[in-house]
Amino acid sequence: MADQTHVLFVEDDDVIREATQLALERDGFVVTAMPDGLSGLEAFRADRPDIALLDVMVPGLDGVSLCRRIRDDSTVPVIMLSARADSIDVVLGLEAGADDYVTKPFDGAVLVARIRAVLRRFGHASGGDRTADAEAAPEGGGVLTFGDLEIDTEGMEVRRAGQPVALTPTEMRLLLEFSSAPGTVLSRDKLLERVWDYGWGGDTRVVDVHVQRLRTKIGQDRIETVRGFGYKLKA
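If you're wondering where the values come from, they're calculated on a predicted model, not measured in any experiment. Position labels on residues start from 1 in each chain and follow its written sequence. Residues qualify for local features only when their pLDDT is at least 70, as the model is predicted, and side-chain atom pairs are given and counted only at 80 or more; totals for whole chains, interfaces and linings, by contrast, use all residues. Side-chain metrics in this entry use all non-hydrogen atoms of the structure; hydrogen atoms and water are not considered.

> Looking at this structure, how should I read unusual backbone geometry?
Where the residue is not glycine, phi is negative for most of them; where a peptide bond is considered, it is trans in most cases. Looking along the chain, the bond that leaves K104 and enters P105 is cis, with omega of -5 degrees. Numbered from the N terminus, helices here are DSSP runs of H or I no shorter than four residues, and strands are runs of E no shorter than two. Position of P105 relative to the elements: it lies in the loop between β5 (100-103) and α5 (108-126). In this structure, M156 takes a positive phi of about 55 degrees despite not being glycine. Tracing the backbone through its elements, the reader meets M156 in the loop between β7 (149-152) and β8 (157-160). Of note in this structure, A161 is not a glycine but carries a positive phi near 55 degrees. With respect to the helices and strands, the residue A161 is situated in the loop between β8 and β9 (163-164). The exposed category is assigned to A161, whose relative accessible area is 58%. Exposed residues in this analysis have more than 50% of their type's maximum accessible area, buried residues have under 20%, and partly exposed residues fall in between, with area computed by a 1.4 Å probe over protein chains only.

> Can you help me understand the sheet that holds strand β1 (residues 6-10) in this one?
Either a parallel or an antiparallel arrangement is found when strands of a sheet pair, and the pairing is made through backbone hydrogen bonds. Here, a strand pair is defined by DSSP locating no fewer than two bridges between the strands. Reading across from one edge, β2-β1-β3-β4-β5 is the order of the 5 strands in this open sheet, with parallel pairing throughout. Unpaired on one side and paired on the other, β2 (30-34) and β5 mark the two borders of the sheet. Pairwise comparison of adjacent strand axes, ignoring direction, gives a mean angle of 20 degrees for this sheet. For β1 and strand β3 (residues 51-55), the ladder comprises 4 bridges, and the chain directions are parallel. Directly across from V7, in β3, lies its bridge partner I51. Residues are treated as being in contact if the distance between any of their heavy atoms lies within 4.5 Å. Only C-alpha atoms enter the line fits that serve as axes; for helices the fit covers just the stretch in contact. Angles between N-to-C directions range over 0 to 180 degrees. Contacts from helix α2 (residues 37-47) reach β1 and β2 within the one sheet, and its direction differs from that of β1 by about 165 degrees.

> Please clarify how the confidence of the model for the protein chain should be interpreted in this entry.
Do not read the fine detail of predicted coordinates wherever pLDDT is low. Confidence in the prediction for the protein chain averages 87 pLDDT; 89% of positions are at 70 or higher. The predictor attaches a confidence to each residue, called pLDDT, with possible values from 0 through 100. Within the model, the stretch residues 124-140 combines pLDDT values under 50 with 31 contacts to residues more than four positions away or in other chains.

> Can you walk me through the pattern of salt bridges in this structure?
Where side chains of opposite charge bring their charged atoms close, a pairing between them can arise. Salt bridges are identified by distance alone: a Lys or Arg side-chain nitrogen within 4 Å of an Asp or Glu carboxyl oxygen. The full count for this structure, using the stated rule, is 15 salt bridges. D203 serves as the salt-bridge partner of R205, at 2.6 Å between the closest nitrogen and oxygen. On the accessibility criterion, R205 (23% relative accessible area) is partly exposed. Several salt bridges share partner residues, and in doing so they unite E11, D55 and K104 into one network.

> How do you make sense of the sheet that holds β8 when you look at a structure like this?
Strand order in the open sheet formed by 4 strands is β6-β7-β8-β9, with antiparallel pairing between adjacent strands. Each end of this open sheet is capped by a strand with a single partner; those strands are β6 (143-146) and β9. Pairing between β8 and β9: 2 bridges, direction antiparallel. Among the inter-strand pairings, R160 is bridged to a residue of β9, identified as Q163. On top of the sheet, helix α7 (residues 169-180) reaches β6, β7 and β8; it is set at about 105 degrees to β7, its chief contact.

Written out as structure tokens, the structure reads:
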């Protein structure tokens, strides 16, 4: 990365917090580490970091609630940290607006890879590196219309019934994938690969929760579930 990325890291375990901060700083990140949710929220509002890493179980204001507060006024990427892969906290974090999650204990290299993958998505949806957007958007770009839904694939704006729809960068990437092939079923694994940049098998709950979040914003019937196969955007 040409510019240093500012990471907000909220974790109440002193050993994990300090070790992870050092590991991230060795990889060139600038890290603000906080031990609880309330101080994390204050740091977020004061510093406006490029990405937030939030442990689910922190005192004062838990990670899920902190994620919701961040989402109230920002689309900054959020990665949740959870002690158990099968925890309901994972789903709650994603429903609150998180872009991804990492299970503890985690390998430092894996965490860095996930951070960079999320940041690439953020850059694409925000207009930074447009290579992947060009791959996802239909040839010719412009404005696509699906019923009352309008998708400006060049301006990265979405309107429903003429009203702007606020999407997170991950939701925008997901919608671009669907709009690039309307009526075509996209498997969860393919979406993990194209949207989340997973070169390996990932947790399909990430896809399912993001699809549901997207449906609430663009219309529940706009994206159809094809049981056993995946999802498709109704043409």
